[in-house]
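The primary structure of each chain is shown beneath.
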Amino acid sequence: MGGSAAVRAEEAFRTVYAEAFAEPPYDEGEDDVAAAFRRFPVQARDRTFRAVLARCEDGEPVGMAYGFTLGPGTGWWDELTEPVPEDMRREDGHRTFGLMELAVRGPWRGQGVARRLHGTLLDGVDAERVLLNVHPGSAAASAAYRAWGYRKVGEARPWGESADLHDVMLLALR
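Once a new chain begins, its residue numbering starts again from 1 and follows that chain's sequence as written. Reporting of local features is limited, given that this is a predicted model, to residues whose pLDDT is at least 70; pairs of side-chain atoms are given and counted only at 80 or more, and all residues count toward the totals for whole chains, interfaces and linings. The side-chain numbers reported here are obtained from all heavy atoms of the structure, hydrogens and water having been left aside.

### A word on helix α3 (residues 30-44)
- In this model α3 runs 21 Å from its N-terminal to its C-terminal C-alpha over 15 residues, within 8% of the 21 Å that 1.5 Å per residue would give.
- Here the term buried applies to any residue with accessible area under 20% of the maximum for its type, exposed to any over 50%, and partly exposed to those in between, with areas from a 1.4 Å probe on protein chains only. Secondary structure elements follow DSSP: runs of H or I no shorter than four residues count as helices, runs of E no shorter than two count as strands, and numbering proceeds from the N terminus. Among the residues of α3, those classed as buried are V33, A36, F37, F40, Q43 and A44. The buried residues of α3 occupy an angular sector of 115 degrees when projected down its axis, which confines them to one face. For α3, the exposed residues set more than 90 degrees away from the buried face come down to D31 and R38.
- Buried residues in α3 make contact with α1 (3-8), α2 (10-20), β2 (61-69) and β3 (96-104). Helix span, as expected, comes to 1.5 Å for every residue beyond the first. The arc in question is formed by the directions pointing from the helix axis toward the C-beta atoms. In this analysis, two residues are considered to be in contact whenever any of their non-hydrogen atoms come within 4.5 Å of each other.

See below:
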């Protein structure tokens, strides 16, 4: 779905996010969820924003993923603890799709939902690569990303110095 449809379904995205990221190693609470969903409608306005939402037959949200293409002025590369080569950090608004969130609620994990969300989200993305941050304490997420072809290119504190260190991972699409 595009941005306007995702905003209309925000409550479902919020439900998945709140439940998935309340668990260790994230331990996010109400304030963290509120902050993430203050950013959500702003992110959804990006013309390249796309999202997927998995639901049960009864409509209950199971999992979600969303992201958008990084623009030339993105600060993503500036958050790394060690600089990467200039050629790696070059962005032109088409080169890199930023995977902002991918989450599946506990009862539906281990059934391939995350893999299907990931594949559906990226289907038709016209970018060379995908970039994401993952908490290294989330062994299952890190292992899934590696199995899907991502490689670690650095570490970052995505929301400033008080944030946990995250692994920055890159997947070549072409």
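Now that the structure has been shown, the text picks up again.
### Quick notes on the sheet that holds strand β4 (residues 129-134)
- In this scheme, strands are said to pair when DSSP sees at least two bridges between them. Read from one edge of the open sheet, 6 strands run β1-β2-β3-β4-β6-β5, paired in mixed fashion. The open sheet is flanked by β1 (50-55) and β5 (151-156), the only strands paired with a single partner. Strand-to-strand twist across the sheet, computed as the mean angle between neighbouring axes with direction ignored, equals 25 degrees.
- On the sheet, helix α5 (residues 113-122) packs against β1, β2, β3, β4 and β6 (166-172) and is oriented at approximately 150 degrees with respect to β3. Interaxial angle, 0 to 180 degrees, is taken between N-to-C directions of lines fitted to C-alpha atoms, where a helix line uses only the stretch in contact.

### Considerations on the side chain of H135
- Following the sequence through the fold, H135 ends up in the loop between β4 and α6 (139-147).
- A residue is classified by how much of its surface remains accessible, and H135, at 10% relative accessible area, is buried.
- There is a polar contact of 3.0 Å between the side chain of H135 and the side chain of D164.
- Look past the residues within four positions of H135 in its chain and what remains in contact with it is P25, Y26, S142, D164 and H166. In the analysis that follows, any N or O atom pair within 3.5 Å is treated as a polar contact, provided that within protein one partner can donate a hydrogen and the other can accept it, and provided that, for residues neighboring in sequence, both atoms belong to side chains.

### Things to note about the pairing of β6
- Where burial is concerned, most of β6 is hidden: 6 out of the 7 residues are buried.
- Of the strand pairs in this sheet, β4 and β6 are connected by 6 bridges, and their pairing is antiparallel. Pairing of R129 across the sheet is with A172, part of β6.
- Summarising the sheet, β5 and β6 pair through 5 bridges and their orientation is antiparallel. Each bridged residue has a counterpart across the sheet, and for K152 the counterpart in β6 is M169.

Geometry only, nothing functional implied.
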